[in-house]
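# Architecture and fold: a report
The primary structure of each chain is shown beneath.
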Amino acid sequence: MESKIDKNNEYIFNSPNYVHIMIEYLGKVTGDKKNEEGVFITFINNEYAIASIKLDILRANNKLDESNQDINYIRGIITSYIDSSEFKVIYVLPSQLYTLQEISAIEAAQVNLLEANPQLNLNGDGVIIGIIDTGIDYLNNIFMDETGKTRIEFIWDQGVNTKGNENNNIPYGTIYTSNDINKAINAYRNGENPYDIVPSRDEVGHGTHMASLVGGMDYNKNQVYGIASKCRYGIIKLNEDMALKKRFNIKVPVYNLATIFPALEYLKDYTLANSKPMVILLPIESNSGNHKGNSILDKYIKTIASNVGIVIVTGTGNEGDAGGHSLSVIENVGDSEVIVLNISEEDKNIILDIWVNVPDVVDVNVISPSGEESGVLSTSGSIEFAEEISFVLEETHIFYTEFVPEVFTGDQLIRIAMHNIRPGIWKVRTTLEKGKNSTINAWIPQRALINPKTRFLNSDIYGTITIPGDSTETITAAGYDQDNFNILGYSGVAFRDDFVDRIDIAAGSKNAVAIGLNNKINIINGTSVAAAMAAGTCALLMEWGIVRRNYPYMSTQSIKTFIARGTQKRKGDIYPNAQWGYGILNLYDIFSNIN
């Protein structure tokens, strides 16, 4: 692991002065690198890497687009930094922001009936649950075994820079082993400071909540808090994107793919090296993508989930009723539809993504609240097109980027990054240039990043499933109200015409009891709760299938089948559907149907 300290002795992955951008590359670096100049390349594997660039360099030629959408400019910086004829940047991924899916669930899943079955006696023993989140309160008894030792196999804290991790196969941050954690626990019991040994903390609490719901067990009180109460944990504390958080004044934890990709890669490598089945809980969400399961993250997840003994679990996201998605259809060339977006006074910067199904193409005209127009914006035949626009009356600046086609989907992507935006009703007139009966989808950032008053006035709930929940290679859980058997309004919804295998099941997500920081009992909501229920279920299936050798080749697709066959269904509904998937999670029925 190369040093990530710049010439000013600043750790780049904790610094608000660096942006971290995912790139796809070919070849290898054989020439010189110039880290001291404020550009770092961190390799994840032989396909993906992270480019960390100091903001001063991006601003050098007045080319700074704060949302990092000018990919040709960024590619040029990276190319000039590496003096190697054998290294080629294939793709630079514009910034995508991920937030947490958090806004009695266990009883609704009928775990108690399964626990009462002595023939099965499943509790996640022999299975690792990898949680990619905000960390964990490792001092809590519920993450320890009968002897008082930790059930956490490792914590990778991406934000702690410590020497001596060169052989731990991580690109940055620090790994703490179970031995390290046990030493810290013993120090705590002896009245010493445990954080002198393992300084990783969960300051937010979300990761601790997830770990308690998945597998919490307090042996001192004989109290079960999670489904897989004897599982082991692999914890990755994601590092926040401090540059974008500072630039856009974001108040919640926010992450980018430069932290998520290496987290997934490490968990995959750990599983294969240790020959233990792993359930990866990924309770994050983003609106950056076409929500059809073919984004760069979805593509990467497919390579991870194709391994026997690894399954990735997430939620549908909390965008169902947020007003963050708009859908329209244009029948003929020359016809137009208008996307209407209300911007609140609190939001000064926002990104609007417009996706057009392949092979159709549209042009757009942005209209401000005062009626000022950008004029027709079109690629003019270019594959990648960028333009800067200023609205004089509103004093709003727009950076317009268009990709025809977008690399990973083939669709047309129009990204409108608006800075110093005037509140009020903004309109985007889309006109069909090529095609027929063209579907136009538009998304704004997820609700955690914007004021609730910022929303489409012509919003549509179908297509509100977030990334990576849209992947067919994940176990994706929707959230329902276990008191009245209704889907929760915030639970993300798949498209009307593309819902099969997008959502697998629905799990109780209302007012779940979770253990938080300092052993405090908290009531939490959000589809991350449903994801935690599904992850615990997958751990029991892994234990039954792989650990006990009943089905040793357990994979994502076989788990999907087992779960779908054991769901509870509401009368009058047709399954699968865009809200509930194959039905309500029911652990007892899953294993009854297997037998």
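The text that follows walks through the structure, step by step, so that each part is easy to find.

Taken together, the four bridges between strand S28 (residues 512-515) and strand S29 (residues 521-524) define a ladder with antiparallel strand orientation. For Ala 514, the partnering residue across the bridge sits in S29 and is Asn 522.

Glancing now at the layout of surface pockets. Over the atoms a probe the size of a water molecule is rolled, and this reveals where empty space is left. Considering only enclosed or pocket space, the largest pocket measures out at about 530 Å³ in volume. For the lining of the largest pocket, the class distribution of residues is 13 nonpolar, 11 polar and six charged.

It is worth spelling out the sheet that holds strand S20 (residues 396-403) at this point. Two orientations exist for strands paired in a sheet by backbone hydrogen bonds: parallel and antiparallel. Read across the sheet, six strands follow the order S15-S23-S17-S21-S20-S19 without closing on themselves; strand pairing throughout is antiparallel. Pairing within the sheet leaves two strands with one partner each, and these edge strands are strand S15 (325-330) and strand S19 (384-391). Each strand of the sheet is rotated relative to its neighbour by a mean of 15 degrees, with strand direction disregarded. By the bridge criterion, four bridges tie strand S17 (residues 349-356) to strand S23 (residues 438-443) in an arrangement that is antiparallel. The residue of S23 that forms the bridge with Val 356 is Ile 440.

Close contact between helix H8 (residues 257-274) and helix H9 (residues 296-305) brings their axes to 10 Å; oriented N to C, the two are set at 5 degrees. Comparing their axes, H9 and H8 come out roughly parallel. Of H9, the residues touching H8 (which contributes Leu 257, Ile 260, Phe 261, Leu 264, Glu 265 and Lys 268) are Ile 296, Leu 297, Tyr 300, Ile 301 and Ile 304.

With that out of the way, let us pick up the packing of aromatic side chains. Tallying each qualifying case throughout the model produces 23 aromatic pairs. Centroid distance Phe 43 to Phe 87: 6.2 Å. Interplanar angle 85 degrees. Geometry classified as edge-to-face. In this pair, Phe 43 sits in strand S2 (residues 39-43) while Phe 87 sits in strand S4 (residues 87-92), placing the two residues 44 residues apart along the sequence. Under the relative-accessibility criterion, Phe 43 is labelled partly exposed at 30%. Its relative accessible area of 10% is what places Phe 87 among the buried residues. Where Phe 154 meets Tyr 270, the ring centres are 4.7 Å apart and the plane angle is 50 degrees; that geometry is what we call tilted. Of this pair, Phe 154 sits in strand S7 (residues 152-157) while Tyr 270 is found in helix H8, placing the two residues 116 residues apart along the sequence. For the pair formed by Phe 154 and Tyr 270, the shared burial category is buried. Here a set of aromatic residues connected by ring pairs shows up, and it is made of Tyr 11, Phe 13, Phe 154, Trp 156, Tyr 172, Tyr 266 and Tyr 270. A cation sits over an aromatic face here: Arg 247 above Phe 248, 5.3 Å from the ring centre.

Structurally, the position occupied by Glu 265 is in helix H8. Judged by relative accessible area, which is 9%, Glu 265 ranks as buried. Not counting residues within four places of it along the chain, the set of residues in contact with Glu 265 comprises Ile 44, Asn 45, Tyr 300 and Ile 304.

Turning our attention to the pattern of salt bridges. Scanning the model with the defined rule gives 17 salt bridges in all. For Glu 153, the salt bridge is made with Lys 276, and the minimal N-O distance between the two is 2.9 Å. A residue pair is termed long-range when its members are at least 10 positions apart, and Glu 153 in strand S7 and Lys 276 in the loop between H8 and strand S12 (278-281) qualify at 123 residues. Residue Arg 415 pairs with Asp 353 through a salt bridge whose shortest N-O separation is 2.6 Å. On the criterion of sequence distance, the pair formed by Arg 415 in strand S21 (residues 412-419) and Asp 353 in strand S17 is long-range, its members being 62 residues apart. Each member of the pair, Arg 415 as well as Asp 353, carries the same accessibility label: buried. Each of Glu 24, Glu 47 and Lys 299 takes part in one network of salt bridges that share partners.

Here we take up empty space enclosed by the protein. Of the voids in this model, the largest cavity is the one considered here, and its volume is about 150 Å³. If you trace the largest cavity, you find 17 residues lining it, with Leu 93, Gln 96, Trp 355, Glu 406 and Leu 413 closest to the centre. In the lining of the largest cavity, the residues fall into eight nonpolar, seven polar and two charged.

Once that is clear, we can look at the sheet that holds S2. Strand order across the open sheet formed by four strands is S2-S3-S1-S4, with antiparallel pairing between neighbours. Each having just a single partner strand, S2 and S4 make up the two edges of the open sheet. Strand-to-strand twist of the sheet, defined as the mean angle between neighbouring strand axes without regard to direction, takes the value 40 degrees. In this structure, strand S1 (residues 18-27) lies alongside S4, joined through five bridges in antiparallel fashion. Looking at S4, one finds that Ile 23 is bridged to Val 92. Contacting S1 and strand S3 (48-54), H8 crosses the sheet at an angle of about 50 degrees to S1.

This next bit is on the packing of helix H10 (residues 527-547) against helix H11 (residues 556-565). Packing of H10 against H11 leaves a shortest axis separation of 11 Å and a crossing angle of 110 degrees. Here H10 is positioned roughly perpendicular relative to H11, judged by the angle of their axes. Here H10 runs over H11; the crossing is right-handed. Along the contact surface, H10 presents Cys 538, Leu 541, Met 542 and Trp 544, while H11 presents Ile 559, Phe 562 and Ile 563. In terms of residue class, the contact of H10 with H11 is built from seven nonpolar, no polar and no charged.

For the rest of this paragraph, the subject is H10. Given a rise of 1.5 Å per residue, 21 residues ought to cover 30 Å, and the 29 Å separating the end C-alpha atoms of H10 matches this to within 8%. Of all the 21 residues making up H10, 20 are buried; the element is thus mostly covered by neighbouring parts of the structure. Looking at the residues trailing H10, positive phi occurs at Arg 549, about 65 degrees.

What counts, and at which threshold
- Residues numbered from 1 in each chain as written.
- Predicted model: local features only at pLDDT ≥ 70, side-chain atom pairs only at ≥ 80, totals over all residues.
- Heavy atoms only, no water.
- Pairing = 2+ DSSP bridges.
- Helix = DSSP H or I, 4+ residues; strand = E, 2+ residues; numbered from the N terminus.
- 1 Å grid on protein atoms, 1.4 Å probe; cavity = no way out; pocket = protein on both sides within 12 Å on 5 of 7 lines; lining within 4 Å.
- Points joined across faces, edges and corners; volume = space filled by probe spheres on them.
- Nonpolar A, V, L, I, M, F, W, Y, C, P; charged D, E, K, R; others polar.
- Axes fitted to C-alpha atoms, helices over the stretch in contact; angles between N-to-C directions.
- Parallel < 35°, antiparallel > 145°, perpendicular 65-115°, else oblique.
- Contact = heavy atoms within 4.5 Å.
- Phe/Tyr/Trp six-rings, centres within 6.5 Å; stacked < 30°, edge-to-face > 60°.
- Buried < 20%, exposed > 50% of the residue type's maximum accessible area, 1.4 Å probe, protein only.
- Lys NZ or Arg CZ within 6 Å of the ring centre and 35° of its normal.
- Salt bridge = Lys/Arg side-chain N within 4 Å of Asp/Glu carboxyl O.
- Left-handed = near helix turned anticlockwise from the far one by under 90°.
- Expected span 1.5 Å × (residues − 1).

Interpretation note: all reported values are geometric properties and have no functional meaning in isolation.
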